Amino acid sequence: MALIKFTKSYSATDNGSKLSGVDLGQLETDLAAILNGGINDANIATGAAITENKISFDITSGHVHNGTDANYPLIKHYRRGMQVEYASATTITVRPGVLDVGGKLFITTASTTLNITTGFMGGQAEPADGPVYIYAYNNSGAIGFKMSTLFPEVSDSSSNVVEFPLRYHSDATLGLCRLIGIIHNRTDISADMCVNFDLSNFACGSFVGDAADEIIYTGWTPNLIKTFVCSDATPANAEALVGVKTLQRYGFITANPQPLALLYNLVANQHATSANGTANSLYSINAQTTAQAGSFTIDAPSNGIVTLWCAWSHGMGSL
């Protein structure tokens, strides 16, 4: 039954007429058909806003929200899998997983490969030396992935900038894009410099120093940082480390509980404080804001020497 219709339509021309028993019987039949299962979706107003406790859900054969009969159920900012991984000097892999992008949940069952020369958002290109942000976006109902040189500047689909960490970049063409990872590019993609954003509040990596300051982009605010500096570019068994340094962001931004110019170090196989601002020191710890990604800088890592680093955040948030 579509829109409700009566068998006989009465009008002003029927004024003064007497309803017969047949007429009354037909009205009863029509009303019974309407009240006994005759009302369907077409008869309900679009804005009816029927309260949920008046609706009985079919737990046996009703919608299971599997992405086909209805959208997947959503937990805001949910992410499982979709790890960003180094594949080659010019490509990265995004593993299968589950991800909320702007209020729509996507599930992938196969890996996706992105190329550093062709995978950028419009108008952007591979940086010679610097971070590359990996974003997921809603590509007409399917998930898409793009690279970018721009960091996230909003929290969610409502362009909120209060909730940290900031996860989204708003692109003029692609719309709202969610950050899933950061890689470091030095002419080629660095093999061990992939940060998986929102999967953990921990990140780690390694690189070979070139005597120039090295900025490590974590995306979220790094609150505790630790680095290990090897003796050379080819670490061997039982080879001594030339530096083990630790720095807490709180200690960096306030003179209490430690002087600003000091960090914790391993000197002559003993834990000690040492002056910050020398080669391989940690400095310039940046909180994530709408104007920058979270990061920290290692001062002039020794040329040709392997440096390993790890960083933690307070629940992926910002101080």
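To be clear, the structure that these remarks concern was listed above.
Right, let's walk through the structure included here. Here the structure is a predicted model, which means the values were calculated and not measured. (Residues numbered from 1 in each chain as written. Predicted model: local features only at pLDDT ≥ 70, side-chain atom pairs only at ≥ 80, totals over all residues. Heavy atoms only, no water.)

A few points about the sheet that holds strand 18 (residues 282-286)
Right, on to step 1. Here we have three strands laid out as an open sheet, ordered 13-19-18, and antiparallel in their pairing. Since the sheet does not close on itself, it has two edges, and those belong to strand 13 (214-219) and strand 18, each with one partner. Between one strand axis and the next, the sheet turns by 20° as a mean value, whatever way the strands run. (Pairing = 2+ DSSP bridges. Helix = DSSP H or I, 4+ residues; strand = E, 2+ residues; numbered from the N terminus. Axes fitted to C-alpha atoms, helices over the stretch in contact; angles between N-to-C directions.)

A closer look at the packing of aromatic side chains
Right, on to step 1. Applying the stated criterion across every chain yields a total of two aromatic pairs.
Right, on to step 2. Seen from their ring centres, Phe202 and Trp312 are 5.2 Å apart, and the 55° between their planes marks the pair as tilted. In this pair, Phe202 sits in strand 12 (residues 202-208) while Trp312 sits in strand 20 (residues 306-312), placing the two residues 110 residues apart along the sequence.
Right, on to step 3. Trp312 sits in the partly exposed class, given a relative accessible area of 30%.
Right, on to step 4. When the centroid spacing of 5.9 Å and the interplanar angle of 70° are considered together, the rings of Phe296 and Trp309 count as edge-to-face. A residue pair is termed long-range when its members are at least 10 positions apart, and Phe296 in strand 19 (residues 294-298) and Trp309 in strand 20 qualify at 13 residues. Trp309 carries the same exposure label as Phe296, and that label is buried.
Right, on to step 5. Geometry around Phe106 places Lys104 over its ring, the cationic atom sitting 5.6 Å from the centre. (Phe/Tyr/Trp six-rings, centres within 6.5 Å; stacked < 30°, edge-to-face > 60°. Buried < 20%, exposed > 50% of the residue type's maximum accessible area, 1.4 Å probe, protein only. Lys NZ or Arg CZ within 6 Å of the ring centre and 35° of its normal.)

Topic: empty space enclosed by the protein
Right, on to step 1. This model, assessed by the stated rule, comprises one cavity of 30 Å³ or more.
Right, on to step 2. Estimated volume of the largest cavity: approximately 60 Å³.
Right, on to step 3. Every residue lining the largest cavity is listed: Pro131, Ile182, Ile183, His184, Met193, Val195, Ile215, Ile216, Tyr217 and Trp309.
Right, on to step 4. Taken together, the elements giving at least two residues each to the lining of the largest cavity come down to strand 10 (175-186), strand 11 (188-196) and strand 13.
Right, on to step 5. A breakdown of the residues in the lining of the largest cavity according to their chemical character gives nine nonpolar, one polar and no charged. (1 Å grid on protein atoms, 1.4 Å probe; cavity = no way out; pocket = protein on both sides within 12 Å on 5 of 7 lines; lining within 4 Å. Points joined across faces, edges and corners; volume = space filled by probe spheres on them. Nonpolar A, V, L, I, M, F, W, Y, C, P; charged D, E, K, R; others polar.)

Points about the environment of Glu126
Right, on to step 1. Looking at where Glu126 falls in the secondary structure, it is placed in the loop between strand 6 (112-115) and strand 7 (129-139).
Right, on to step 2. Residue class for Glu126 comes out partly exposed when judged on its relative accessible area of 30%.
Right, on to step 3. Here Glu126 is in contact with Ile116, Thr117, Phe120, Asn185 and Thr187, once residues within four sequence places are set aside.
Right, on to step 4. Of the polar contacts made by the side chain of Glu126, one reaches the side chain of Asn185; its length is 2.9 Å. (Contact = heavy atoms within 4.5 Å. Polar contact = N/O pair within 3.5 Å; in protein donor to acceptor, adjacent residues only side chain to side chain.)

Quick word on unusual backbone geometry
Leave glycine aside and you will find that most residues have negative phi; peptide bonds, for their part, are mostly trans.
Right, on to step 1. Cis geometry is adopted by the peptide bond preceding Pro165, which originates at Phe164 and carries an omega value of 5°.
Right, on to step 2. Locating Pro165 in the fold gives a position in the loop between strand 8 (142-148) and strand 9 (168-171).
Right, on to step 3. Located in the positive-phi region is Ala49, a residue other than glycine, with phi close to 50°.
Right, on to step 4. Relative to the elements of secondary structure, Ala49 occurs in the loop between helix 1 (21-35) and strand 1 (79-81).

A few points about the sheet that holds strand 3 (residues 91-94)
Right, on to step 1. The strand order 2-3-6 describes an open sheet built from three strands, whose pairing is antiparallel. Both outer strands of the open sheet, strand 2 (84-86) and strand 6, are each paired with one neighbouring strand and no more. Direction aside, neighbouring strands of the sheet carry axes that sit 30° apart on average.
Right, on to step 2. In the sheet, strand 3 pairs with strand 6 via four bridges, with the strands oriented antiparallel. Each residue of the ladder has a partner; that of Thr93, found in strand 6, is Thr113.

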